[in-house]
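Spelled out, the chains give:
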Amino acid sequence: MKEEFKVISKLIDEKSRVLDVGCGDGILMEYLLKNKVVDVRGLEISKEKVKKCLSNGLAVVEGNAEYDLKQFPDLSFDYVILSQTLQAFMSPENVIKDLLRVGKKVIVTIPNFGHWKIRVDLLFKGEMPITKNLPYEWYNTPNLHMCTIQDFYNFCNNKGINIFKTISLNGQKTSKITPSNLKYKNLISELGIFLLEK
Amino acid sequence: MSNFDKIKSITIKQPLKLDCGKEISNFPLAYETYGNLNEKKDNAILVFHALTGDQFASGQNPVTNKEGWWNYAVGPGKAFDTQKFFVICANVIGGCMGSYGPGTIDPKINKPIGTNFPVITINDMVNAQHYLLDHFKIERLFAVAGGSMGGMQVLQFVSNFPNKAKVALPIACTASHSAQNIAFNELGRQAIMSDTNWKDGLYDGKTSNPDKGLAVARMAAHITYLSKKGLQEKFGRNLQERSDLKFGFDADFQIESYLRYQGSVFVDRFDANSYLYITRAMDYFDLTKQHGGNLSKAFKESKTKFFIISFTSDWLYPTSENKDIVIALNAIGADVGFVEIKTDKGHDSFLLDVPDFLSTIKNYLSATYININERRI
């Protein structure tokens, strides 16, 4: 099981209603159903992946988060999850706004563009970095809006979004991110996991 | 047709109040079943047929000797796997395969009831079929399913009986018949009513039938079930058994010949008045209006899991209309899945061999049956 999903699962209270935006094959949904008493729904843009989810009996709706989040009423979920997808939207800012409208709490995970390997790649090779989490070439990447943990942290502060928890994930290792270790964690984390509230 | 003797039916003795205000009682509802009801009686699926369907969803229809209309989907190992599930399908009231309809003989005059039959609605159809649950002593169905008008019945069923089905599969349908839908149905009705053999609906059903009108109605409707691309790929401008145009009005083109054939075989198995009544029922269907303009209210009481399916090339009940149902369900936090299946086969896709469609239903039903039993959901 992906370490990231374990961390997400720990952030979620029992008996809550969860929406997984960009749920993919539904692996996180399955994990949550197995390990928690939750009511979980999914939204996914890829027909193939939606069919896979539905074939497993998961309640997943085919749709694009940039348009289809509109159909969910305000605060209709206890948690809305966006796992490593924010960077792929045309307008991440609007999507975050919608997530915070639909969910009482929002869990966002971002592949950290500030990781030292990426910095080194760019600095010494002078080429766009390709890593395990970001395996694409610059010309075919779906990731339109890459950001660092620091960037996202700044974004939340600027927009008045409350950050409840920030967790760093590096390989199998998780650790807390605090304002005092932020610069350092931004260098060593592969993934940043944020628990937000409006 | 003596084969009508082979039809199973129940007689609904209780009075059923119809939307038109009239009341009917002691009327037959013809049905067929596939597979076996298990001991817990938790594996029953009620399948609703579309405009020209009947209770013979699978296998061979004993009256027409043709394959059941949902043969691709219903049967052992198929999407609605009759090795696991007990599939029930009834002929709607207003139909012509043994259920109470305009073709039913009125014993007083020894002639078909014809247009003295009351105008019925999707709501009336569903209320009549609900009696099948009593007949089979089924407390709760595992699922209700259907495409096109069958999907409308699924929506109406869940709205009328919120906790009688654990799963609902409305396929390629709408919650409210559009102006375009009504327009095509009216075209078909006018074709029938313009046939001099229709006789204001009081034809005797033996010596003279409005076959020409009914055939034209079927031809027009058939076009709406296919996509432009599908038609073009299958027929294009191909000529029918000739090398050149004949400068006349015979069927020069394959598509003409095909439609004529579809019309001619249809009249052998379908009653023109049934066509009028059932298309009327579809036109009157507006679940949104039934709930004061708010479709969500139709499902407010329900704990049913919905799985909605549309098809990319279906322009009769397009994805947008299916999605309106999804939106209404999401608005009340209902448990809903939705996928649009990619196919060129048009509205008819739900009746055809579309592997993606069939396998997704099959897997969804078997996974959901297990999930419900393990109380994961």
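Being a predicted model, the structure only gives us computed values, none of them experimental.

**Observations concerning the overall build of chain B**
The helix and strand inventory of chain B stands at 11 helices and 14 strands. Carbon and sulfur atoms form 50% of the exposed surface of chain B, whose accessible area is close to 16100 Å². Treating the 41 positive side-chain charges of chain B as one cloud and the 39 negative ones as another, the clouds have centres 4 Å apart.

**Topic: the packing of helix α3 (residues 47-55) of chain A against helix α11 (residues 355-373) of chain B**
One way to put it is that α3 of chain A packs onto α11 of chain B with a least axis distance of 7 Å and a crossing angle of 35 degrees. Contact residues: α3 of chain A offers Glu48, Lys51, Leu54 and Ser55 of chain A, while α11 of chain B offers Asp356, Thr360, Asn363, Tyr364 and Ala367 of chain B. Its residues assigned to classes, the contact of α3 of chain A with α11 of chain B comprises 3 nonpolar, 3 polar and 3 charged.

**Quick word on the interface of chain A and chain B**
Contacts between chain A and chain B engage 20 residues on the former and 26 residues on the latter. Summing both partners gives a buried area of about 1900 Å² for chain A against chain B, and 50% of it is carried by carbon and sulfur. The largest share of the area that chain A buries against chain B comes from Lys51, Leu54 and Gln71 of chain A, three residues that together contribute 29% of it. Where chain A touches chain B, the interface holds 3 salt bridges. For Lys47 of chain A, the salt bridge identified is with Glu340 of chain B, shortest N-O distance 2.6 Å. If you list the elements that add at least two residues to the side of chain A that touches chain B, you get α2 (27-35), α3 and β3 (60-62) of chain A. Broken down by element, the side of chain A that touches chain B gets its largest block of residues, 6 residues, from α3 of chain A.

**Some thoughts on the state of the cysteines**
Summed over the entire model, instances satisfying the criterion amount to 0 disulfides over all chains. Of all cysteine sulfurs in the structure, the one in Cys53 of chain A sits closest to Cys23 of chain A, which takes part in no disulfide; the separation is 4.2 Å. Free of any disulfide, Cys20 of chain B has its nearest cysteine sulfur in Cys96 of chain B, 19 Å distant. By relative accessible area, Cys20 of chain B is classed as partly exposed at 39%.

**Re the pairing of strand β11 (residues 141-147) of chain B**
All names here are of chain B. Within β11, 7 of the 7 residues are buried, leaving the element largely enclosed by the surrounding structure. Two strands pair when backbone bridges link them, and strand β5 (residues 44-48) and β11 are joined in this way by 4 bridges, in the parallel orientation. Bridge assignment links Leu46 to a residue of β11, and that residue is Val144. As paired elements, β11 and strand β12 (residues 165-171) share 6 bridges and run parallel to each other. Paired with Ala145 across the strands is Leu169, a residue of β12.

**Examining the side chain of Asp348 of chain B**
All names here are of chain B. One can find Asp348 in the loop between β14 (335-341) and α11. Arg218 provides the closest opposite charge to the buried, salt-bridge-free Asp348, at an N-O distance of 6.6 Å. Among all residues touching Asp348, those that are not within four sequence positions of it are Tyr225 and Leu226.

**A look at the domain arrangement of chain B**
Residues and elements named next belong to chain B. You can read the domains of chain B as domain 1 (2-175 + 287-373) and domain 2 (182-279). Using C-alpha coordinates to define each centre, domain 1 is positioned 26 Å away from domain 2. Taken together, the 30 residues of domain 1 in the interface contact 27 residues of domain 2. Roughly 2300 Å² of surface becomes buried between domain 1 and domain 2 when both sides are summed, with 62% attributable to carbon and sulfur atoms. Counting the surface domain 1 buries against domain 2, the share from its top three residues, Leu51, Thr52 and Trp315, is 27%. Between Asp344 and Lys229 there is a salt bridge whose closest N-O contact spans 3.2 Å. At the boundary of domain 1 and domain 2, one finds 11 residue pairs in polar contact (both at pLDDT 80 or more). In terms of residue class, the side of domain 1 that touches domain 2 is built from 14 nonpolar, 12 polar and 4 charged.

**Observations regarding the environment of Phe72 of chain A**
Residue position: Phe72 of chain A is located in the loop between α4 (65-68) and β4 (77-83). A residue is classified by how much of its surface remains accessible, and Phe72 of chain A, at 3% relative accessible area, is buried. With 40 residues separating them in the primary sequence, Phe72 of chain A and Leu32 of chain A have C-alpha atoms 21 Å apart. Here Phe72 of chain A is in contact with Leu19, Phe77, Arg101 and Val102 of chain A together with Asn330 of chain B, once residues within four sequence places are set aside.

**Looking at unusual backbone geometry**
Residues and elements named next belong to chain B. Unlike most non-glycine residues, Ala172 shows phi in positive territory, near 45 degrees. Here Ala172 shows up in the loop between β12 and α4 (179-193). Overall, Ala172 belongs to the buried group, its relative accessible area being 0%. Of note, the phi angle at Phe247 is positive, near 50 degrees, even though the residue is not glycine. Note that Phe247 resides in the loop between α6 (228-234) and α7 (254-269). Looking at Phe247, the relative accessible area reads 78%, which means it is exposed.

**Some points on the pairing of strand β8 (residues 191-197) of chain A**
All names here are of chain A. Burial within β8 is extensive, with 6 of its 7 residues counted as buried. Examined bridge by bridge, strand β6 (residues 162-170) and β8 share 7 bridges and lie antiparallel to one another. Within β8, the position partnered with Ile167 by the bridge is Ile193.

**Observations concerning a nonpolar patch on the surface**
All names here are of chain A. Taken together, the side chains of Trp116, Val120, Leu123, Phe124 and Leu187 present a nonpolar region at the surface, about 520 Å² in accessible area. Looking at where Phe124 falls in the secondary structure, it is placed in helix α6 (residues 116-125). For Phe124, a relative accessible area of 66% corresponds to the exposed category.

**Notes on the pattern of salt bridges**
Summed over all chains, the structure comprises 27 salt bridges over all chains. The partner of Lys51 of chain A in a salt bridge is Asp356 of chain B, and the shortest N-O contact between them spans 2.3 Å. A residue pair is termed interchain when its members come from two chains, as with Lys51 of chain A in helix α3 and Asp356 of chain B in helix α11. Owing to a relative accessible area of 31%, Asp356 of chain B belongs among the partly exposed residues under this scheme. Put simply, Arg189 of chain B and Glu186 of chain B hold a salt bridge, and the shortest N to O gap is 3.3 Å. Taken together, the residues span about one helical turn, with Arg189 of chain B and Glu186 of chain B both in helix α4 at a distance of 3 residues. Classification of Arg189 of chain B as buried rests on a relative accessible area of 5%. Linked by salt bridges that have partners in common, Lys70, Asp74, Asp98 and Arg101 of chain A make up one network.

Conventions used here
Residues numbered from 1 in each chain as written. Chains lettered and ligands numbered in written order. Predicted model: local features only at pLDDT ≥ 70, side-chain atom pairs only at ≥ 80, totals over all residues. Heavy atoms only, no water. Helix = DSSP H or I, 4+ residues; strand = E, 2+ residues; numbered from the N terminus. Areas by Shrake-Rupley, 256 points an atom, 1.4 Å probe, with all protein chains shown as cover. Lys, Arg positive; Asp, Glu negative; His and termini not counted. Charge placed at Lys NZ, Arg CZ, Asp CG, Glu CD. Axes fitted to C-alpha atoms, helices over the stretch in contact; angles between N-to-C directions. Contact = heavy atoms within 4.5 Å. Nonpolar A, V, L, I, M, F, W, Y, C, P; charged D, E, K, R; others polar. Buried area = accessible area lost by both parts, 1.4 Å probe. Salt bridge = Lys/Arg side-chain N within 4 Å of Asp/Glu carboxyl O. Disulfide = S-S within 2.5 Å. Buried < 20%, exposed > 50% of the residue type's maximum accessible area, 1.4 Å probe, protein only. Pairing = 2+ DSSP bridges. Domains from an automatic or database assignment. Polar contact = N/O pair within 3.5 Å; in protein donor to acceptor, adjacent residues only side chain to side chain. Patch = residues over 30% accessible without salt bridge, like charges linked within 9 Å, V, L, I, M, F, W, Y side chains within 5 Å.

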